[in-house]
Amino acid sequence: MKLALIPPYSRMATIYRTDYQLVLPEHLANKQYQEAYITARRNGDYLIMDNGAAEGELLTHGQLRSMALGLMVNEIVVPDVLGNMDDTLALVKDFFRFGVDTRFKYMGVVQGKTYDECCACIEAYYDTFGEITVLGLPRHLITTCDKDDIRSELALYIRRRHPGYQVHLLGTNPEYIRELRDKQEAFHVAGVRGVDTSAPFNYAYYAKSIIEGDVAQRPDKYFDVVVNGEQAMNYNIELLKAWANA
């Protein structure tokens, strides 16, 4: 499983420690942020353009396509609505109404409030949207569905039912930060492709322990914070890379 780091501006250089990136479009207006991913693209990294939903800043279809073209990413996260399968599928239908640019791969985000609803969302993607070849499992499912193993179970479900899909874990949930360790075998069997996270920086900022299972949410104005605990940050990055087998 590959690891994509989501650092604050002060730690943008850490993205070069992997070759797998999730770009948050709402931050591309920041020159330092933008230049980091331009360099990553030139280095041959795999770039995924997020849609802004998880950050509360969902882009319009036109904005998302335009930013993806500007950076020439490899993959686009298709618009979604957190926790709402029906509204997500309606957005996906509307997004593809304007056609498909075959230069990009497309990730559909699995949304729902229960395991069964998430499975129904997966089946709807399979039955209706052949353009989507990657499925994203968002971090909120762990708390929304009140089920620690929801993402590993869904990843295995996808592997059994529709092995042609690639799977990406959208974020790590601080309420169950040891998920990658505890579900490592299941994610490996399911062939999960990657995961993105800001956890190494959040935990270093608050001097909290990932390995002890502490809870450390993103601080307010996260991208502007200065993370001074370099040793802790580096340890956290290497720990999550080890858990992900990155």
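Preceding block: the structure.
Colleague: Can you explain the packing of helix H4 (residues 115–128) against helix H6 (residues 150–161)? Please cite residues and give values.
Modeller: When two helices pack together, their arrangement is given by the angle between the helix axes and the distance between those axes. Remark: H4 packs on H6, axes separated minimally by 11 Å, with the N-to-C direction vectors making an angle of 35°. Between H4 and H6 the crossing geometry is right-handed. Of H6, the residues touching H4 (which contributes Tyr115, Cys118, Cys119, Ile122 and Glu123) are Ile150, Glu153, Leu154, Tyr157, Ile158, Arg160 and Arg161. Taken together, the residues that form the contact of H4 with H6 break down as eight nonpolar, no polar and four charged.

Colleague: Give me the nonpolar core: which residues, what numbers.
Modeller: If you look at the biggest cluster of nonpolar residues, it comprises 82 residues, and the most contacted ones within it are Tyr33, Tyr125 and Ile132. Sorting elements by how many residues they give to this core places H4 first, with six residues. Not counting the four nearest positions on each side in its chain, Ile132 is found in contact with Val92, Phe96, Tyr106, Met107, Gly108, Tyr125 and Tyr165.

Colleague: Quick rundown of the sheet that holds strand S4 (residues 75–77)? Include the residues and the values.
Modeller: Sheet architecture is open: eight strands sit in the order S1-S8-S7-S6-S5-S4-S3-S2, paired in parallel fashion. Pairing within the sheet leaves two strands with one partner each, and these edge strands are strand S1 (2–5) and strand S2 (20–23). Taking each pair of neighbouring strands and ignoring which way they run, the sheet shows an average axis angle of 25°. In the packing of helix H1 (residues 31–42) onto the sheet, the strands contacted are S1, S2 and strand S3 (46–49), and the crossing angle to S2 comes to about 145°.

Colleague: Summarise the state of the cysteines; cite the residues concerned and give the values.
Modeller: Tallied over the entire structure, the rule returns zero disulfides. Unpaired in this structure, Cys145 has its nearest cysteine sulfur neighbour in Cys118, at a distance of 4.7 Å.

Colleague: Give a description of the packing of aromatic side chains that names residues and reports values.
Modeller: Each aromatic ring pair is summarised here by two numbers: the centre-to-centre distance and the angle between the ring planes. Summed over all chains, the structure comprises 13 aromatic pairs. Each ring, one from Tyr126 and one from Tyr165, has its centre 6.5 Å from the other, and the planes form 75°; the classification is edge-to-face. Placement of the pair is Tyr126 in helix H4 and Tyr165 in the loop between H6 and strand S7 (166–170), with a sequence separation of 39 residues. Ring centres 5.0 Å apart and planes at 80° place the aromatic pair Tyr205 and Tyr206 in the edge-to-face group. Through successive ring pairs, a cluster of aromatic residues spans Tyr9, Tyr33, Tyr37, Tyr222 and Phe223. Across from the ring centre of Phe95, 4.1 Å away, lies the NZ or CZ of Arg65, which sits over that ring. One cation-aromatic arrangement involves Arg218 over Tyr222; the distance from NZ or CZ to the ring centre is 4.9 Å.

About the thresholds
Residues numbered from 1 in each chain as written. Predicted model: local features only at pLDDT ≥ 70, side-chain atom pairs only at ≥ 80, totals over all residues. Heavy atoms only, no water. Axes fitted to C-alpha atoms, helices over the stretch in contact; angles between N-to-C directions. Helix = DSSP H or I, 4+ residues; strand = E, 2+ residues; numbered from the N terminus. Left-handed = near helix turned anticlockwise from the far one by under 90°. Contact = heavy atoms within 4.5 Å. Nonpolar A, V, L, I, M, F, W, Y, C, P; charged D, E, K, R; others polar. Core = buried A, V, L, I, M, F, W, Y, C linked by side-chain atoms within 4.5 Å. Buried < 20%, exposed > 50% of the residue type's maximum accessible area, 1.4 Å probe, protein only. Pairing = 2+ DSSP bridges. Disulfide = S-S within 2.5 Å. Phe/Tyr/Trp six-rings, centres within 6.5 Å; stacked < 30°, edge-to-face > 60°. Lys NZ or Arg CZ within 6 Å of the ring centre and 35° of its normal.

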